[in-house]
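Below are the chains, spelled out letter by letter.
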Amino acid sequence: MTASKSNLRSSLREAVGHPGAEVLVDLDALAQNFRTMADIATPGQCGAVVKADAYGLGAAMVSRRLQHEGCTTFFVQSAEEGAALRAELAEPIIYVFNGVTPGSGETLLANRLRPVLSTPQQIERWRALRSAPGGADDLPAALHIDTGMTRLGLSPRDAHALLDAPGGIADLGIELLMTHLACASDADDPLNAAQIDTFAHITDRLPGLPTSIGASGGVLLGEAFRGDIARPGIALFGGESNPSRPATLAPVVTWLAPVLQLRDVTETLPVGYGATYVIEAPARVATVAAGYADGYPLSLSNAGIVVVAGQRVPVIGRVSMDMITVDVSALPRGAVAEGDRVEIIGEHMLLDEVAQRAGTSNYTILTGLGPRLPRRYLGRDD
Ligand SMILES: *Cc1c(COP(=O)(O)O)cnc(C)c1O
């Protein structure tokens, strides 16, 4: 091998081996959060909401680990998401929040996905599917009652009308009665109790049918808000859902991004698009490979904080598509080098704080993590 070829090899190895930007998903922390929520939900069961690719973290890996932890009921949004999950996991119960939308029946049946029925039209569609030859007469479904969100679900009036009609829900295979709380993040909101009351008027007419009420925030609200199958999503991923009843959850997500450039500033200079920040010399600026295309919010321009070499440092200037600039003047010389990785989200800069600083929600930050960021899984992966 010639010298130049071997040099090329070793520099390639360096380039390939050098870690770039990525999102680490700690499956052991996920499992711990599932156990925390399942303990609180006892004696009810704890399901898991893994819609939107498990809030951007990868529904396949997340669900496989949750199944290993004893989770037997998963909730996704669409039939397509359900089919993708079924390809990974043969056994668990999978509910589809969107229900039987026009054209989704075949996918539901082929993958044994249980629709969450929300409208009189869906109920008719489901009846037809169940009674068709080779239909789904053994596939159960859930009934979603809207008790205060005016979003998805049968209105209480339509629910009572359904129960008053001859036969009621007898031919629908309903195995779960579901509702969703609008204000679970606030224990003092009177809508919480009002929704439970409205729901109880319907569930009282169907004794013995299991219920599902609380998402993460509702599970933390108290016993009356859990039902028989809890439906947490964000809490499993370490996100706060109920500031009025906080839970101790392990951080699941770490976003690391490398320093692309370090600049010693020896004269007063503008930083970034629009020159919204002016840095005074002497100073040191690090340019980091994380931008709004990766899901770092534009609103963190001159407002974000990242962790460099263990120290919190401010984002200065406007967030670009692919980069942010941070003021690392306070770090000792040599503490950070080109290629070093910076914690954008993680143990020292929690998802919840990033969301708060950005004026958005932890849900938005998680689901906004860009497709360009590879997800890497830590911990037991089954
Ligand atoms: C998203 C969703 C959940 C999970 O909510 P979290 O706040 O993430 O726990 C539960 N139920 C329904 C109907 C949802 O849409």
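Data block above holds the structure.
The sections below set out a description of the structure shown in this document.

Here we take up the site of the ligand. The environment of the ligand is formed by 14 residues, the closest being Lys-51, Tyr-55, Ser-216, Gly-233 and Tyr-363. Tyr-55 places a polar side-chain atom, nitrogen or oxygen, 2.5 Å from an oxygen atom of the ligand. Within the side chain of Ser-216, an N or O atom sits 2.5 Å from an oxygen atom of the ligand. Summarising the interface, the protein chains cover 91% of the accessible area of the ligand, which totals 390 Å² for the free molecule. In this structure the site holding the ligand corresponds to the largest pocket. Taken together, the residues of the shell around the ligand break down into eight nonpolar, three polar and three charged.

A surface patch of nonpolar side chains, about 300 Å² in accessible area, is lined by Tyr-292, Leu-298 and Met-321. Topologically, Leu-298 is positioned in the loop between β14 (283–288) and β15 (305–308).

With that settled, consider the pairing of strand β5 (residues 93–96). Looking along a regular strand, one sees side chains alternate from face to face of the sheet. Pairing of strand β4 (residues 73–76) with β5 involves four bridges; the strand directions are parallel. When the bridges of β5 are listed, Phe-74 appears paired with Ile-94. Once the chain exits β4 it traverses helix α5 (residues 79–88) before rejoining the sheet at β5, and the crossover so formed is right-handed. As judged from the two bridges shared by β5 and strand β6 (residues 114–117), these two strands associate in the parallel manner. Looking across to β6, one finds that Val-96 is bridged to Pro-115. You can see the chain leave β5, run along helix α6 (residues 105–110) and come back into β6, and the turn it takes is right-handed.

Volume-wise, the largest pocket comes out at about 710 Å³. Every residue lining the largest pocket is counted, 36 residues in all, and those nearest its centre are His-180, Ala-215, Ile-234, Ser-241 and Tyr-363. Classifying every residue of the lining of the largest pocket gives 16 nonpolar, 15 polar and five charged.

Once that is clear, we can look at the packing of aromatic side chains. Applying the stated rule across the entire model yields five aromatic pairs. Taking the centre distance of 6.2 Å and the plane angle of 35 degrees together, the rings of Tyr-55 and Tyr-363 count as tilted. With Tyr-55 in helix α3 (residues 51–55) and Tyr-363 in helix α12 (residues 362–367), this residue pair connects regions lying 308 residues apart in the sequence. Taken together through their ring pairs, the aromatic side chains of Tyr-55, Phe-237 and Tyr-363 make up a single cluster.

Across its twelve residues, helix α7 (residues 120–131) extends 17 Å between first and last C-alpha, which sits within 8% of the 16 Å expected from 1.5 Å per residue. Buried within α7 are the following residues: Gln-122, Ile-123, Trp-126, Leu-129 and Arg-130. Considered in projection along α7, the buried side chains sweep an arc of 125 degrees and stay on one side of the axis. Across from the buried face of α7, at angles greater than 90 degrees, the exposed residues are Gln-121 and Ser-131.

Ranked by size, the top nonpolar core spans 108 residues in total, and within it Leu-66, Leu-143, Trp-255, Val-306 and Ile-344 carry the most contacts. Other than its neighbours up to four places away in sequence, Val-306 contacts Tyr-296, Gln-311, Arg-312, Val-313, Val-315, Ile-324, Val-326, Val-342, Glu-343 and Ile-344. Judged by nonpolar contacts, the second largest core, of six residues, contains Val-265, Ile-279, Ala-283 and Ile-316.

About the criteria used
Residues numbered from 1 in each chain as written. Predicted model: local features only at pLDDT ≥ 70, side-chain atom pairs only at ≥ 80, totals over all residues. Heavy atoms only, no water. Near = heavy atom within 4 Å. Polar contact = N/O pair within 3.5 Å; in protein donor to acceptor, adjacent residues only side chain to side chain. Areas by Shrake-Rupley, 256 points an atom, 1.4 Å probe, with all protein chains shown as cover. 1 Å grid on protein atoms, 1.4 Å probe; cavity = no way out; pocket = protein on both sides within 12 Å on 5 of 7 lines; lining within 4 Å. Sits in = over half its atoms within 2 Å of the grid points. Nonpolar A, V, L, I, M, F, W, Y, C, P; charged D, E, K, R; others polar. Patch = residues over 30% accessible without salt bridge, like charges linked within 9 Å, V, L, I, M, F, W, Y side chains within 5 Å. Salt bridge = Lys/Arg side-chain N within 4 Å of Asp/Glu carboxyl O. Helix = DSSP H or I, 4+ residues; strand = E, 2+ residues; numbered from the N terminus. Pairing = 2+ DSSP bridges. Right-handed = clockwise from strand over helix to strand, strands pointing away. Points joined across faces, edges and corners; volume = space filled by probe spheres on them. Phe/Tyr/Trp six-rings, centres within 6.5 Å; stacked < 30°, edge-to-face > 60°. Expected span 1.5 Å × (residues − 1). Buried < 20%, exposed > 50% of the residue type's maximum accessible area, 1.4 Å probe, protein only. Arc of directions from axis to C-beta. Core = buried A, V, L, I, M, F, W, Y, C linked by side-chain atoms within 4.5 Å. Contact = heavy atoms within 4.5 Å.

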